[in-house]
Amino acid sequence: MMPRIRHVAAVVAALFLITVAVAQEMPKDQLPLWSTKPDVAAFEKMEDARLAAAQGAVDQIVAVKGSRTIENTLAPFDEAVRQLNAAINFSTLMQQVHPDANFRDHATTMTTKVSSAQTALSLNQDVYHALASLDASKADPATAYYLKRQLLEFRLAGVDKDDATRAKLKKLQDQLTDAQSMFDRNISDDVKTVEVTASELDGMPQDYIDNHKPGADGKIRITTNYPDLFPALDFAKSDALRRSLWEAWTSRAYPKSREVVMNMMQTRYEIARLLGYASWADYNAADKMMENGANIAKFINQLDAATRPVAQREFAMLLVEKQKTDPGAKEIKGYESFRLNELVRRSQYNFDSQSVRPYLPYAQVKKGIMDTAATLFHVNFRQETNVAAWDPTVETWDVIEDGKAIGRFYLDMHPRPGKYSHDQMSPVLDGIRGKQLPEAILVCNFPQPTATDPGLMNYGDAVAFFHEFGHLMHHILGGQQEWAGISGISMEADFVEAPSQMLEEWMRSPQVLASFAHHYKTSEPIPADLVARMNRASAFGAGNSVELQNALSAISYDIYKEDPKKVDLDAITFGDLRDYTLFVPIASDAHFYANFNHLAGYSSAYYTYMWDKVIAEDFFQQFDQKNLLAGDAPMRYRRTVLEPGGSTSANDLVKNFLGRPQNMTAFEHWMMREFAPAPEAKTATGQ
Ligand SMILES: [Zn+2]
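Report on the accompanying structure. Sequence order sets the numbering: in each chain, residues are counted from 1 along the sequence as written. For a predicted model such as this one, the threshold for reporting local features is a pLDDT of at least 70, and the threshold for listing and counting side-chain atom pairs is 80 or more; totals across whole chains, interfaces and linings nevertheless cover every residue.

Further remarks concern the overall build of the chain. From N to C terminus, the chain includes 27 helices and seven strands. Just to be clear, the radius of gyration here is over C-alpha atoms, and the globule rule we use is 2.2 Å times residues to the power 0.38. For the chain, the C-alpha radius of gyration of 26 Å lies close to 26 Å, the compact-globule estimate for 687 residues. For the chain, the C-alpha atoms occupy an extent of roughly 85 × 60 × 55 Å along the three principal directions. Starting at the N terminus, helices and strands are each numbered in turn, a helix being any DSSP run of H or I of at least four residues and a strand any DSSP run of E of at least two.

Take a look at the structure:
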């Protein structure tokens, strides 16, 4: 686990630069990321300069004679954090987006180098003791909170332990890193293939059949890669095909990774014990909203209780569907649920997802999302022109408030060979009040419009766009802190998804969608009843999908909640799937842990997704449901949830906005939307 080390600004520098912050433009010394068009050598020079500056700041802390102050100790510490964050943000970005493979390789090497400097800082005893001796009693609350949290991160890294213990921790951390990369590699290396005959593709869409022509031996090969796997689970009439694909998919990296997972469990358990925690789950929760493992177990039970009635109601509908071809059926197997869901959606909800795409050409969606965000967050966006970038499609934008720039972002939105293939927001620079404006980037893979192709997006892509844009706004609006280490999205890791999950709701509003989703041929706004049907259809299955997520949260927790010697991986995996979902697992499901990739990164914290969804829906109910952009909720949300960044605990952010801790009521309401009465066909619902 990478300890959280983020940055801050020297007070003297902050005073000196304060005039820059009131200028209309971006500060003159804060040029766009790629403005010098660096080659590999220049890139490495820029990065090495950041590493040297970080080391200089660390030396400065150690060299202090006499009494320690926030200015002579926390300020240079934060400067080291600022430099290291900027360095690793840049190198990981170049790994993902640079068009030249050689550049990407050098960027990967640089990431390793910066990462080891971060680790060294997290284990630096001199720096720890210097920070620990600071008196924060007269500091402002954000500074005091930063210091307290940073000291916790240091202790979670084991910096205050004796030499022998630290040496042992270092060895365990290295073992864990190796086991994690082996776990990931075993999964990505093990793409399985199922051989079928042409008749077994009955039910599949024509383009799928066209893309899967028989080989010379007459066999058709279907892999466990997602674009092959999920359409087959959704549409194939052949139960044998769906079952054998499911068995192949759930058996990836098995039995190879059984040992690797046990290794990760054992290593993590030893780390937790050395640091004074009863289990890895307790240790891993210590710097999160959840605080300890028992709270994870409690949440899983509460979520199950809230979800079960909804899941049961859906299950009854799925069973009726199954009984059409299997009259005596009483149970549904996990792999069967995909196709049954699809059949119910088609027969009960009168919605074809293809019908929405003509309303979503990329250029309009981009403008619509930015306009919506501008209205919601009370800012403007202004494009910087003639800015150099690693690819000509990359755009550079300033975020403007009251005529002043408060941040900058980049959009790298379309696929290219060798580019990172998912969608994500990455911080570029942490915002430090008066010293450095926050910068961020979206790296996405949406269709690229051309002279002849409007670049129609899937609805899910449009939702993903706003989700990622939400992370970006969080980083920018939370980037006006005094310290880099509490800037932007630096708060507890199990809160970060809540704001973006909430924003997904805006993409379900007929009114918001109608403002930009106009048919690319007729310019007709998307009809409100189409949006309503889409919302109901896509809501179907919410209960069972939450129960599946909850089963995965339980697996992630149960595997790490105690001494690994007491854990039977197959029994836990099979048992949690059986106990938390309403579907019957098959034998191969017991091996799913071998390819459940989040057991490496999230480890015991897979609950994060559902935890944040509960918070997101509670937040959402604070907004005017008739007009999501109106009233005082948007600005109150910006001020109380986004702007504080990581300057206070996320549990307080929640309470400050809601006036109480989150509860399940709004989440239950969200799950039940699939059972709302069907909309009447009418022309307009909004004003
Ligand atoms: Zn996200």
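Quick look at the sheet that holds strand β3 (residues 380–384) now. Reading across the sheet, the five strands line up as β3-β4-β5-β7-β6 and stay open at both edges, with mixed pairing between neighbours. Of all the strands in the sheet, just β3 and β6 (424–429) have a single pairing partner and so form its edges. The mean angle between the axes of side-by-side strands here comes to 30°, regardless of whether they run parallel or antiparallel. When DSSP finds at least two bridges between two strands, those strands are taken to pair. Pairing between strand β4 (residues 395–401) and strand β5 (residues 404–412): seven bridges, direction antiparallel. Of the residues in β5, the one forming a bridge with E395 is L411. Helix axes use the C-alpha atoms of the stretch in contact, all axes being lines fitted to C-alpha atoms, and the angles between their N-to-C directions lie in the range 0 to 180 degrees.

Below, the discussion takes up the environment of A53. When you line up the elements, A53 lands in helix α3 (residues 40–62). For the pair formed by A53 and D228, sequence separation is 175 residues and the distance between their alpha carbons is 49 Å.

Locating Q95 in the fold gives a position in helix α4 (residues 70–97). For Q95, a count of 18 C-beta atoms within 10 Å translates into the label partly exposed. Spatially, the C-alpha atoms of Q95 and F338 are 36 Å apart, while their sequence positions differ by 243 residues. Among residues more than four places away in sequence, those in contact with Q95 are R104, A107, T108 and T111. In this scheme every C-beta is placed from the backbone, and a residue whose C-beta has 20 or more other C-beta atoms within 10 Å is buried, one with 12 or fewer is exposed, and one in between is partly exposed. Residues are treated as contacting if the C-beta atoms built from their backbones sit within 7 Å of each other.

Relative to β4, β3 is paired through five bridges, and the arrangement is antiparallel. Paired with E384 across the bridge in β4 is T396. Here β4 folds back onto β5, and the loop between the two strands holds two residues, one of which, D402, carries a positive phi near 50°.

As a rule of thumb, non-glycine residues mostly have phi less than zero, and peptide bonds are mostly trans rather than cis. Residue P255 is reached from Y254 by a cis peptide bond, and omega for that bond is 5°. Its place among the elements puts P255 in the loop between α11 (239–250) and α12 (256–274). Positive phi outside glycine occurs at N350, with the angle close to 50°. Positionally, N350 belongs in the loop between α15 (337–349) and α16 (362–377).

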